[in-house]
Amino acid sequence: MFFFFFLYYIGFQKISNTRFVFFKYFIIYMIQKKDKKLMSNSSTEVKDKTTDIVEEIWTQQQPKLLLERFPYTQKDFSFPQVPQIYLTKSFFDNPFEQINDLYARGYGQLGIVKLILPPDLQVPQELVLGNLKKKLMGKNLETRIQKLNNLKSGEVNITQLQPYVANLKGYTYDNFQRYANQFSDIYDSQGRRESANDLRHNEQEFWSIVDNPDNYEDVEVEYAADLPVTKYSSGFQEDQLGNFCHLNKKKGSIFQVMNEKTELSGITIPWLYLGMKFSTFCWHCEDLFLNSVNYMHAGAPKTWYAVPPSHNKKFQELFKKMYSEQLKHNPKLLYDTVCQISPVDLVRNGIQVLTTDQKAGELILTFGATFHAGFSHGFNCSEAVNIAPVQWLDEYDKAVQEYRENGNFKKVCFPLEWILIELIQKREQAQMDFGWTKIHEKFKQLVTKEINIRKKIVELYENVKIIEYGNKNEKYDRGVCKICTHYMFMSHIQCGKCIKKGCTQHYSVCACEKPKIFMYIRYTEEELMELLEKSK
């Protein structure tokens, strides 16, 4: 008997998950076989002894909840489904007109919609991955290391510039795909399967580990995320309809006037993503509440969760409550995209959640201030880019206001005045048939605010000297306010005594008793009014 207990002890220490259970059954079988003769004699003492041994094996405390029931059931994730729309080829002839129609039909209020390509527009997955493998030959793919057991706490990596742990050595495409597939093949579930649907079982396991990290073995995965297609490659074929590289040049796009020098990586320049089982994107809104489109080229599905824009504030309130201590040490935690909150917790706190499984050939479109998150079910390849339909103009001020209220820890990635003036100056080339009225209204609001601020500064200080920018076409990122980190595109003020400067929003930039104020302006009031007239 000692031999069997020794085997049991070794097995318990070395063998985990399903292998441990098999080993445990084997030990019990051997014990019962060895004692079968004794038990047949109906010896109460022997019966009791054998029962005690078996009971001891079954009841011995395990270090984790391996193969026990998950705390979540499939019913816990029965959220309303994201609406889905089947596209036709005509969608890509004028996508922004189609998106305008989605807003008119109320989809913007939900914050997310799934768009499914017709089969004849879907490139075979083998072809996509085969071509991508050739394009990425010899390129190193840096990854993010993600520990599921740390996601709820909000992992902060203070040794690197990124708010996450990065694998800078990375992988070749082949090696990452092989690693991802091997992980899926050998991963043993840490909980009892209660659903025949693999996606639903993965969902239960993912959130059980995230929400109960101490009860499960550590799970570490990697995510090749935010890979600029200009540096790596796009997953789209060059002539493929809907290629994201051309999307922002389409009629109706606010971004259509951008050129190679003004393109923004991750916003107007698409990013490629290679995922694996359980690789995740944590809760976040897009920069400046821009819309986003994410296309699944190939591979295993990805499960999405979304909070409608109307519940954005409630989400933030819950986030600040849950991470009150962490925010003291890292005030920009909300914008680091490293915290994963269970959608079950959100619903329990009165926050609406929608969900969907994105498969190859499907687009996910998000609107405005929509918080969204999700995870992958295996190796896959996706591509994403931000877009700016005219409806987004209503979102810009909301985003900037939120950034200010949260301490300006989130940087405004570009000034709205810049992109609107670019559009207006190139009105003859810009194609904005159904958007000029909204552009004119927004630009009028910006011009009126700018002129009033300038007048206020002249009233506040004596002998304000106004100086025009030497180069009106100077790129917007040349001047950044030291107070709020916003770009000083239209104007800024500077004290001639202490040389401190900042955007005109603050009216004051220093504590000098009698500051000598210089106000630098890009356009005169007359020039702004001419631009406003041109925008009609």
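Refer to the preceding data block for the structure.
Quantities reported herein were computed from a predicted structural model and do not represent experimental measurements.

*Asks:* Which parts of the structure should I look at to understand the overall build of the protein chain?
*Replies:* Each helix and strand in the protein chain was counted, giving 17 helices and 17 strands. For the protein chain, the proportion of its 536 residues judged to be buried stands at 55%. Considering only residue pairs separated by 6 or more positions, the protein chain has 81% of its internal contacts joining residues 24 or more positions apart. Total accessible area on the protein chain is roughly 25,900 Å²; 51% of this is exposed by carbon and sulfur atoms.

*Asks:* Would you mind going over unusual backbone geometry with me for this structure?
*Replies:* Among all residues except glycine, the phi angle is most often negative; among peptide bonds, the trans geometry is most common. Phi at Phe278 is positive, roughly 75 degrees, even though this residue is not glycine. Relative to the helices and strands, Phe278 resides in the loop between β6 (271-275) and β7 (280-284).

*Asks:* Sorry if this is basic, but what is going on with the side chain of Asn248 here?
*Replies:* Inspection of the secondary structure puts Asn248 in the loop between α10 (244-247) and β6. Not counting chain neighbours up to four residues away, the residues in contact with Asn248 comprise Phe96, Ser253, Phe255, Gln256, Ile267, Thr268, Val385, Asn386, Ile387 and Ala388.

*Asks:* How do you make sense of the nonpolar core when you look at a structure like this?
*Replies:* As a rule of thumb, nonpolar side chains are buried together in soluble globular proteins. Core analysis: the largest hydrophobic core is formed by 100 residues, its most contacted members being Ile254, Leu288, Trp392, Phe414 and Ile419. The dominant element in this core, judged by the number of residues it contributes, is helix α15 (residues 416-425), at seven residues. With near-sequence residues (within four places) excluded, Leu288 lies in contact with Trp392, Glu395, Tyr396, Ala399, Val400, Tyr403, Val412, Cys413 and Phe414. Of all hydrophobic cores here, the second largest spans 22 residues; its members include Leu247, Leu365, Val385 and Ile387.

*Asks:* Please clarify how helix α11 (residues 312-322) should be interpreted in this entry.
*Replies:* An α-helical turn contains 3.6 residues, so any two residues separated by three or four positions project in the same direction. Where α11 is concerned, the buried positions are Asn312, Phe315, Gln316, Leu318 and Phe319. In an axial view of α11, the angular spread of the buried residues amounts to 165 degrees, which keeps them on one side of the axis. The outward face of α11, more than 90 degrees from its buried face, is lined by the exposed residues Glu317 and Lys321. Here the buried face of α11 lies against β7, β9 (302-307), α12 (324-329), α13 (343-348), β12 (371-376) and α14 (393-405).

*Asks:* What exactly am I supposed to notice about the pattern of salt bridges here?
*Replies:* Two side chains with opposite charge may pair up if their charged atoms get near one another. The final tally for this structure, using the stated rule, is 25 salt bridges. Between Lys410 and Asp287 there is a salt bridge, with its nearest N and O atoms 2.5 Å apart. Here the residue Lys410 occupies a position in the loop between α14 and α15, and Asp287 occupies one in the loop between β7 and β8 (291-299), the gap between them amounting to 123 residues. Lys442 is the salt-bridge partner of Asp397, the closest N and O atoms lying 2.3 Å from each other. Here Asp397 is found in helix α14, whereas its partner Lys442 is found in helix α16 (residues 436-460), with 45 residues between them in sequence. For Asp397, a relative accessible area of 28% gives the class partly exposed. Within the structure, one salt-bridge network assembled from shared partners comprises Lys152, Asp211, Asp345 and Arg348.

*Asks:* What is the right way to read the layout of surface pockets from this model?
*Replies:* A probe as big as a water molecule, rolled over the atoms, marks out the empty space that is left. Put simply, the second largest pocket is a space of about 480 Å³. Lining the second largest pocket are 22 residues, and of these Arg404, Glu417, Lys449, His486 and Gln505 sit closest to its centre. Elements that contribute at least two residues to the lining of the second largest pocket include exactly α14 and α16. Tallied by class, the residues present in the lining of the second largest pocket amount to 11 nonpolar, six polar and five charged.

*Asks:* Just checking my understanding: could you explain empty space enclosed by the protein for this structure?
*Replies:* Evaluated as defined, the whole model comprises two cavities of 30 Å³ or more. Counted as a void, the largest cavity has a volume near 90 Å³. Along the wall of the largest cavity there are 13 residues; nearest its centre are Phe91, Pro95, Leu247, Val293 and Leu363. A per-class count over the lining of the largest cavity returns 12 nonpolar, one polar and no charged. Looking at the second largest cavity, its volume works out to about 40 Å³. Every residue lining the second largest cavity is listed: Phe92, Leu117, Phe236, Gln240, Leu241, Gly242, Phe244, Tyr295 and Leu363. Of the residues that constitute the lining of the second largest cavity, the class distribution is seven nonpolar, two polar and no charged.

*Asks:* What's the story with the sheet that holds β12 in this structure? I'm lost.
*Replies:* Note on sheets: strands pair through backbone hydrogen bonds, and any given pair is parallel or antiparallel. Across the sheet, which stays open at both edges, the four strands sit in the order β7-β12-β9-β10 with antiparallel pairing between neighbours. Of all the strands in the sheet, the pair left with one neighbour each is β7 and β10 (354-358). Here the average twist between neighbouring strands, direction ignored, is 15 degrees.

*Asks:* Any chance you could explain helix α5 (residues 95-104) here in plain terms?
*Replies:* Here α5 has its buried residues at Pro95, Phe96, Ile99 and Leu102. Buried residues of α5, seen end-on, are gathered within an arc of 105 degrees and therefore sit on one face of the element. Among the structural elements, β1 (84-86), α6 (107-110), β2 (112-116), α10, β11 (362-366) and β13 (380-387) are those in contact with the buried residues of α5. Phi for Gly106, located one or two positions after α5, is positive at around 95 degrees.

*Asks:* Explain the sheet that holds strand β17 (residues 517-521) here, please?
*Replies:* Strand order in the open sheet formed by four strands is β14-β17-β15-β16, and the pairing between neighbours is mixed. Across the chains shown, the open sheet's two edge strands, defined by having one partner strand only, are β14 (465-468) and β16 (501-503). Pairwise comparison of adjacent strand axes, ignoring direction, gives a mean angle of 25 degrees for this sheet. By the bridge criterion, four bridges tie β14 to β17 in an arrangement that is parallel. Across the sheet, Ile466 pairs through a bridge with Met519, a residue of β17. Sheet contacts for α16: β15 (491-495) and β17; angle to β17, the most-contacted strand, approximately 165 degrees.

*Asks:* Sorry if this is basic, but what is going on with the pairing of β11 here?
*Replies:* Two faces belong to every sheet, and in a regular strand the side chains alternate between them. Counting buried residues in β11 gives five out of five residues, a clear majority hidden from the surface. Neither face of β11 is left uncovered, since the one carrying Glu362, Ile364 and Thr366 and the one carrying Leu363 and Leu365 both have all their residues buried. As paired elements, β2 and β11 share five bridges and run antiparallel to each other. Along β11, the bridge assignment pairs Lys114 with Ile364. As paired strands, β8 and β11 are joined by four bridges and run antiparallel to one another. The residue of β11 that forms the bridge with Ser292 is Thr366.

About the criteria used
- Residues numbered from 1 in each chain as written.
- Predicted model: local features only at pLDDT ≥ 70, side-chain atom pairs only at ≥ 80, totals over all residues.
- Heavy atoms only, no water.
- Helix = DSSP H or I, 4+ residues; strand = E, 2+ residues; numbered from the N terminus.
- Buried < 20%, exposed > 50% of the residue type's maximum accessible area, 1.4 Å probe, protein only.
- Contact = heavy atoms within 4.5 Å.
- Areas by Shrake-Rupley, 256 points an atom, 1.4 Å probe, with all protein chains shown as cover.
- Core = buried A, V, L, I, M, F, W, Y, C linked by side-chain atoms within 4.5 Å.
- Arc of directions from axis to C-beta.
- Salt bridge = Lys/Arg side-chain N within 4 Å of Asp/Glu carboxyl O.
- 1 Å grid on protein atoms, 1.4 Å probe; cavity = no way out; pocket = protein on both sides within 12 Å on 5 of 7 lines; lining within 4 Å.
- Points joined across faces, edges and corners; volume = space filled by probe spheres on them.
- Nonpolar A, V, L, I, M, F, W, Y, C, P; charged D, E, K, R; others polar.
- Pairing = 2+ DSSP bridges.
- Axes fitted to C-alpha atoms, helices over the stretch in contact; angles between N-to-C directions.

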